[in-house]
Amino acid sequence: MNPIVEFCMSNLANGSQQAFEELEKDTDLDVLEYGCQSYCTQCAMSLYALVNGEIVEAESPEELIKKVYEFIEENPLF
């Protein structure tokens, strides 16, 4: 089972699109996008993704990519 990384469409428009595109290339991840994840306050304040249901946030797309991989490494699924 691959880690699941979920993005909100509004947050993609706010700047996380580059992170989405880069992570989507990784065949060991399931990267999904949704219309709204109901984290509006989080979405307005920073770039974020849900990784296996947990919020991972960053100030830039590059930092978000790094933090997603760090989160997955520190929180294995099994």
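Just so you know, these numbers come straight off a predicted model, no measurement behind them. (Residues numbered from 1 in each chain as written. Predicted model: local features only at pLDDT ≥ 70, side-chain atom pairs only at ≥ 80, totals over all residues. Heavy atoms only, no water.)

Considerations on the environment of Ile72
- Assignment of secondary structure puts Ile72 in helix 3 (residues 61-74).
- Using a relative accessible area of 18% as the deciding quantity, one classes Ile72 as buried.
- The spacing of Ile72 and Ile4 is 68 residues in sequence and 9.6 Å in space, taken between C-alpha atoms.
- Not counting the four nearest positions on each side in its chain, Ile72 is found in contact with Pro3, Leu29 and Val51. (Helix = DSSP H or I, 4+ residues; strand = E, 2+ residues; numbered from the N terminus. Buried < 20%, exposed > 50% of the residue type's maximum accessible area, 1.4 Å probe, protein only. Contact = heavy atoms within 4.5 Å.)

Considering the nonpolar core
- Val5, Phe7, Leu23, Val31, Val51, Leu64 and Val68 are the most contacted members of the largest nonpolar core, which has 18 residues in total.
- Looking at this core, the elements with two or more residues in it are strand 1 (4-8), helix 1 (9-24), strand 3 (47-51), strand 4 (54-58) and helix 3.
- No other element matches helix 3, which puts five residues into this core. (Core = buried A, V, L, I, M, F, W, Y, C linked by side-chain atoms within 4.5 Å.)

Some remarks on the side chain of Gln42
- Here Gln42 lies in helix 2 (residues 40-45).
- Those residues within four positions of Gln42 in sequence are excluded, and the remaining contacts are Tyr48, Ile55 and Glu57.

Observations regarding the environment of Met45
- On the secondary structure map, Met45 appears in helix 2.
- The sequence separation of Met45 and Cys8 amounts to 37 residues, and the corresponding C-alpha distance is 13 Å.

By themselves, these observations are geometric and do not establish any function.
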